[in-house]
Amino acid sequence: MKKKFNYKLTLSLVSLFISLLILIFFNQNKFGLFFGFLFLGASLLLYGYFRASLLNETVNKTNQELEENEDVDDDLVNEVLKELKHVKKLKRSTQITFYLAGGLVIIFSILMLF
């Protein structure tokens, strides 16, 4: 089984690594703090987007499987729909949390310049 290289996750982790390096080495300079927190906020936004796309992909695949298999028991379909509802809630809360945190960190980084 061949593993697929994920660019979104790699970009998020590289941004996190760069932000931590900048924060460690340039913490006395306000431009260093600005760019460190800016990259940290960007990594939070990218990771939130990555997780939301994974959850959305799961929902789409499950819906496709339900449409293809018509001879499935009704109890099983109800259980799967209940789990899909939970995954959709998880996707929404993940998006809100990571986008809000990333936005606040980016706003904080902009305020570091003043």
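Anything mentioned here points back to the structure above.
Residues numbered from 1 in each chain as written. Predicted model: local features only at pLDDT ≥ 70, side-chain atom pairs only at ≥ 80, totals over all residues. Heavy atoms only, no water.

Enquirer: Help me out: how do you make sense of the overall build of the protein in this one?
Expert: Of regular secondary structure, the protein possesses three helices and zero strands. N-terminal to C-terminal, the α/β element order of the protein is α-α-α. Relative to a compact globule of 114 residues, whose C-alpha radius of gyration would be 13 Å, the protein shows 20 Å and is clearly more extended. For the protein, the spread of C-alpha atoms along the principal axes amounts to about 65 × 30 × 15 Å. Taken over 114 residues, the protein has a buried fraction of 22%. Of the roughly 8700 Å² of accessible surface on the protein, a fraction of 65% belongs to carbon and sulfur atoms. Placing the 13 positive and 11 negative side-chain charges of the protein at their respective mean positions leaves the two points 19 Å apart. (Helix = DSSP H or I, 4+ residues; strand = E, 2+ residues; numbered from the N terminus. Rg over C-alpha atoms; globule rule 2.2 N^0.38 Å. Buried < 20%, exposed > 50% of the residue type's maximum accessible area, 1.4 Å probe, protein only. Areas by Shrake-Rupley, 256 points an atom, 1.4 Å probe, with all protein chains shown as cover. Lys, Arg positive; Asp, Glu negative; His and termini not counted. Charge placed at Lys NZ, Arg CZ, Asp CG, Glu CD.)

Enquirer: Looking at this structure, how should I read the pattern of salt bridges?
Expert: Opposite charge on two side chains allows them to pair when their charged atoms are near. Applying the stated rule across the entire model yields one salt bridge. A salt bridge links K61 to E57; the nearest nitrogen and oxygen atoms lie 3.6 Å apart. One end of the pair, K61, and the other, E57, are both in helix α2 (residues 30-68), four residues apart, so they sit about a helical turn from each other. Residue E57 is classed as partly exposed on the basis of its relative accessible area of 41%. (Salt bridge = Lys/Arg side-chain N within 4 Å of Asp/Glu carboxyl O.)

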